[in-house]
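# Chain and residue survey
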Amino acid sequence: MIPYGRQTITEEDEAAVLEALRSELITQGPRVAGFENAIAKKVGADHCVCVNSATSALHIAYLAIDLGPGDLIITSPNTFLATANAALLCGADVDFADIDPDTFNLDAKALAERLELHRRAGRRVKAIVPVHFAGQPCDMAEIAALAQAHGARIIEDAAHAIGARYGDHAVGACTHSDAVIFSFHPVKIITSAEGGAATTNNAEIALAMAKLRSHGQTRAADELIRKDQGAWYYEQHVLGLNYRMTELQAALGASQISRIDALIQRRVAIADRYDAMLADLDVICPVRAPGRASAWHLYVIKLPSGDAARRRRVFERMRAAGIGVQVHYIPVHLQPYYMDRGFKVGDYPVAESTYDRVISLPMFADLTLDEQERVARALRDALN
Ligand SMILES: *Cc1c(COP(=O)(O)O)cnc(C)c1O
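Read on for a plain summary of the structure.

Definitions and limits used
- By convention here, each chain's residues receive numbers from 1 onward along its written sequence.
- Reporting of local features is limited, given that this is a predicted model, to residues whose pLDDT is at least 70; pairs of side-chain atoms are given and counted only at 80 or more, and all residues count toward the totals for whole chains, interfaces and linings.
- With hydrogens and water excluded, all non-hydrogen atoms of the structure serve as input to the side-chain values.
- Residue proximity to a molecule or strand is established when one non-hydrogen atom of the residue lies within 4 Å of it.
- As used in this structure description, the phrase polar contact means that two N or O atoms lie within 3.5 Å; if the pair is within protein, one of them must be able to donate a hydrogen and the other to accept it, and residues adjacent in sequence are counted only when both atoms belong to side chains.
- Here the accessible surface of atoms and residues is derived via Shrake-Rupley with a 1.4 Å probe, and residues count as covered only by protein chains that are part of the display.
- Labels follow the DSSP assignment, with helices taken as runs of H or I lasting at least four residues and strands as runs of E lasting at least two, numbered in each case from the N terminus.
- Amino acids are sorted into nonpolar (Ala, Val, Leu, Ile, Met, Phe, Trp, Tyr, Cys and Pro), charged (Asp, Glu, Lys and Arg) and polar (every other residue, Gly among them).
- Centres within 6.5 Å are what make two rings of Phe, Tyr or Trp a pair, Trp counting through its six-membered ring; a difference in plane orientation under 30 degrees is then read as stacked, over 60 as edge-to-face, and the rest as tilted.
- At least two bridges found by DSSP between two strands are what make those strands a pair.
- Think of a salt bridge as a Lys or Arg side-chain nitrogen and an Asp or Glu carboxyl oxygen that are within 4 Å of each other.
- Note on exposure labels: buried denotes an accessible area under 20% of the residue type's maximum, exposed denotes more than 50%, and partly exposed covers the range between, all computed with a 1.4 Å probe on protein chains only.
- Only a pair of cysteine sulfur atoms within 2.5 Å qualifies as a disulfide here.
- Where helices are involved, their axes are fitted lines through C-alpha atoms of the stretch in contact, as for all axes, and angles between N-to-C directions lie from 0 to 180°.
- Any two residues whose heavy atoms approach within 4.5 Å are treated as being in contact.

### Examining the site of the ligand
Lining the immediate environment of the ligand, one finds 15 residues, of which Thr55, Asp157, His160, Ser183 and Lys188 sit closest. Note that an oxygen atom of the ligand is positioned 2.5 Å from one of the side-chain N or O atoms of Thr55. A distance of 2.7 Å separates an oxygen atom of the ligand from a polar side-chain atom of His160. Relative to its unbound accessible surface of 380 Å², the ligand loses 91% to contact with the protein. Contributing elements (two or more residues each) for the shell around the ligand: helix 3 (54-64) and helix 4 (81-89). Considered class by class, the residues forming the shell around the ligand number six nonpolar, seven polar and two charged.

### As for the packing of aromatic side chains
All told, the structure shown has ten aromatic pairs when counted by the stated rule. Here the aromatic cluster, defined as three or more aromatic residues joined through ring pairs, consists of Phe96, Tyr337, Tyr338, Phe343 and Tyr348.

### Considerations on the sheet that holds strand 7 (residues 169-170)
Strands sit in the order 7-6-12 across an open sheet of three strands; the sheet is antiparallel. Strands at the two margins of the open sheet, each flanked by one partner only, are strand 7 and strand 12 (292-293).

### Things to note about the environment of Gly70
Within the element layout of this structure, Gly70 appears in the loop between helix 3 and strand 2 (72-75). A sequence separation of 190 residues divides Gly70 from Ile260, and the C-alpha atoms of the two residues are 40 Å apart.

### A word on the pattern of salt bridges
Applying the stated rule across the entire model yields 18 salt bridges. Ionic pairing is found between Lys109 and Glu113, a salt bridge with its closest N-O pair at 3.9 Å. Of this pair, Lys109 and Glu113 are both found in helix 5 (residues 108-120), four residues apart, which corresponds to roughly one turn of the helix. The class of Lys109 is exposed, set by a relative accessible area of 61%. We note a salt bridge from Lys344 to Asp347, for which the minimum N-O separation is 3.1 Å.

### What to know about the state of the cysteines
Applying the stated rule across the entire model yields zero disulfides. Of all cysteine sulfurs, the one in Cys50 lies closest to Cys48, which takes part in no disulfide; the gap is 4.5 Å.

### A few points about the sheet that holds strand 1 (residues 47-51)
One open sheet holds the seven strands; their spatial order is 1-9-8-5-4-2-3, and the pairing between them is mixed. The open sheet has two edge strands with one neighbour each: strand 1 and strand 3 (93-96). Sheet twist, expressed as the average angle between the axes of neighbouring strands with direction ignored, equals 20°. Summarising the sheet, strand 2 and strand 3 pair through four bridges and their orientation is parallel. In the strand pairing of strand 3, Leu72 is matched with Asp93. With respect to the sheet, helix 2 (residues 30-43) is in contact with strand 1, strand 8 (179-183) and strand 9 (196-200), its orientation differing from that of strand 1 by roughly 130°. Running over the sheet, helix 4 touches strand 2, strand 3, strand 4 (125-129) and strand 5 (153-157) and is turned about 150° from strand 3.

If you want it as structure tokens, here you go:
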């Protein structure tokens with residue numbers, strides 16, 4: 001089976017992990033800071049905090065902007081569960097705004113309507129959480145204007161989008177946001193096996209996230225409330241967690257990010273090749289928004305017509321042909337857990353009709369031309 005996504009591991013990666021494993025500190029050593037510096041430099045952010053997953057990064061980013069009971073976030077229904085779940089874990093509430101039918105990203109008009117609805121109801125939206133679906137950045141200028149008008153913060157879920165660009169900036173530069181989170185799960189652009197990071201240009205948010213990932217504690221002399229206690233001394237300032245990244249993960253992540261430009265180039269070439277291979281098929285290839293460069297985490301095709309049953313037939317024929325296609329995403333509001341919270345079928349019609357017709361084709365840096373031709377042939381057969 002050709003998977004829809006897979007890591008690329010080199011001998012340099014293996015050597016970096018082995019070196020970390022043989023070193024004095026296999027957690028809480030220098031490699032995590034090294035990886036953080038490499039990420040911050042690559043995306044042009046002032047600060048970076050690495051953690052054990054993007055889910056953890058979302059959680060501490062939300063906590064760092066004081067998201068809590070009585071607060072509300074608005075995100076896209078076309079995302080992985082974690083974007084919404086992490087807000088619920090803070091005790092906050094979650095709402096969604098529908099997506100654009102072409103880019104599958106948050107639709108600015110739908111977002112404006114939801115914000116207005118909550119304003120009229122007297123509910124303050126604490127944060128907007130755009131998700132850069134498939135690696136293609138959202139329209140951040142439009143979203144930022146809405147956030148400003150409504151006094152909302154912005155946390156970008158860029159789990160798909162390290163290496164992507166919006167205008168003159170890399171995603172992660174926080175040009176329009178308080179923090180940006182990344183995932184290093186093996187199917188994403190670069191991997192640390194499990195892992196995530198949050199970047200920010202706000203020193204207070206950075207410090208809060210660094211404390212939250214490690215029990216809410218600090219040892220830094222300039223932060224201690226009680227001075228001069230001794231070399232053993234640490235202080236807890238807030239209620240935190242253990243979301244630390246290990247040295248093994250950081251070694252792998254640092255080795256991977258040193259090759260990120262080449263990895264993205266491979267994905268761009270694969271996307272271009274798919275566009276050409278599928279041009280005469282009755283499918284809608286990914287729409288490329290102007291002024292943005294996708295990181296191409298996913299290559300998502302949409303069937304122009306038909307219902308969920310047709311998509312299922314095409315999907316199953318491709319799986320039977322050894323192509324590990326996937327579907328991104330089941331709209332979060334349709335999960336039983338979220339329907340128990342009051343969401344219902346029909347709440348976000350564009351996300352729902354998109355879900356019925358999309359299929360993610362295999363997309364990863366090591367996908368060969370031969371494999372890609374097999375995918376295109378299988379899709380051609382499956383459509384007939
Ligand atoms: C993968 C993903 C996450 C969670 O990432 P983990 O590192 O697996 O916790 C969050 N949001 C989106 C959009 C994702 O795709």
